[in-house]
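The lines below spell out each chain.
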Amino acid sequence: MANLDVFEGERINDHVLANEDAFRSALEGLYDLPIVGDVRGAGFFWGIELVKDKETRLSFDDEESERLLRGFLSGALFDAGLICRADDRGDPVVQLSPPLICGQEEIDFMASTLREVLGEAWRRM
């Protein structure tokens with residue numbers, strides 16, 4: 001109950017709602033990358049679907065996903081300072097769920113880091 005009191009007292013949910021559009025917009029700014037097929041989510045929980053062919057939305061096969069996610073992305077994102085999850089239980093997706101108190105500076109960092117690392121991932125494929 002004390003945790004819920006902090007959420008209410010510090011207006012954590014209001015902060016997330018106030019910053020959700022900025023987070024969504026920053027991530028949707030990655031659509032120009034050929035590897036980004038879709039961006040979806042709500043609040044501070046978002047996923048970036050990675051595709052092999054943006055026009056047809058063709059996904060990577062199992063071997064390519066393994067090489068992309070475990071062979072490069074997971075380590076490269078972590079090394080760049082971004083802790084997130086690269087998931088391949090379906091189409092390859094990078095999942096983001098930052099701390100609920102993050103603001104524009106952190107959002108900008110996430111977007112620029114993703115741009116750099118996803119761009120490099122595409123060049124390696």
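Structural data are supplied above this passage.
Residues numbered from 1 in each chain as written. Predicted model: local features only at pLDDT ≥ 70, side-chain atom pairs only at ≥ 80, totals over all residues. Heavy atoms only, no water.

Visitor: So what's going on with the overall build of the protein chain? Which residues, and what values?
Guide: Regarding its fold elements, the protein chain presents four helices and four strands. Each helix and strand of the protein chain, placed in order from N terminus to C terminus, yields the pattern α-α-β-β-α-β-β-α. Reported as C-alpha extents along the three principal axes, the dimensions of the protein chain are approximately 50 × 25 × 25 Å. The proportion of buried residues among the 125 residues of the protein chain is 41%. Counting every atom, the protein chain has about 7300 Å² of accessible surface; 51% of that belongs to carbon and sulfur. (Helix = DSSP H or I, 4+ residues; strand = E, 2+ residues; numbered from the N terminus. Buried < 20%, exposed > 50% of the residue type's maximum accessible area, 1.4 Å probe, protein only. Areas by Shrake-Rupley, 256 points an atom, 1.4 Å probe, with all protein chains shown as cover.)

Visitor: Could you give an account of the pattern of salt bridges, naming the residues involved and the relevant values?
Guide: Across all of its chains, the model carries twelve salt bridges by this definition. Between Asp38 and Arg40 there is a salt bridge, and its shortest N-O distance comes to 3.0 Å. Here Glu120 and Arg123 are joined by a salt bridge, their closest N and O atoms 3.3 Å apart. On the criterion of helical spacing, the pair formed by Glu120 and Arg123 is a turn pair, its members being three residues apart in helix α4 (residues 104-124). For Arg123, a relative accessible area of 59% corresponds to the exposed category. One connected set of salt bridges, linked through shared partners, spans Asp38, Arg40, Glu49 and Arg57. (Salt bridge = Lys/Arg side-chain N within 4 Å of Asp/Glu carboxyl O.)

Visitor: How would you sum up the packing of helix α3 (residues 62-79) against α4? Please name residues and give values.
Guide: For the pair α3 and α4, interaxial distance at closest approach is 10 Å and the crossing angle is 155 degrees. By the criterion of interaxial angle, the relationship of α3 to α4 is roughly antiparallel. In this structure, α3 crosses over α4, and the sense of that crossing is right-handed. In contact with Leu68, Phe72, Leu73, Ala76 and Leu77 of α3, α4 contributes Leu114, Val117, Leu118, Glu120, Ala121 and Arg124. A class-by-class count of the residues in the contact of α3 with α4 yields nine nonpolar, no polar and two charged. (Axes fitted to C-alpha atoms, helices over the stretch in contact; angles between N-to-C directions. Parallel < 35°, antiparallel > 145°, perpendicular 65-115°, else oblique. Left-handed = near helix turned anticlockwise from the far one by under 90°. Contact = heavy atoms within 4.5 Å. Nonpolar A, V, L, I, M, F, W, Y, C, P; charged D, E, K, R; others polar.)

Visitor: Could you give an account of α4, naming the residues involved and the relevant values?
Guide: Because an α-helix completes one turn every 3.6 residues, residues spaced three or four positions apart along the sequence face the same direction. With 21 residues, α4 extends 30 Å between its outermost C-alpha atoms, agreeing within 8% with the 30 Å of an ideal straight helix rising 1.5 Å per residue. Of the positions making up α4, those classed as buried are Ile107, Met110, Ala111, Thr113, Leu114, Val117, Leu118, Gly119 and Ala121. Tucked into the core, α4 has its buried residues touching α2 (12-28), β1 (36-42), β2 (45-50), α3 and β4 (93-96). (Expected span 1.5 Å × (residues − 1).)

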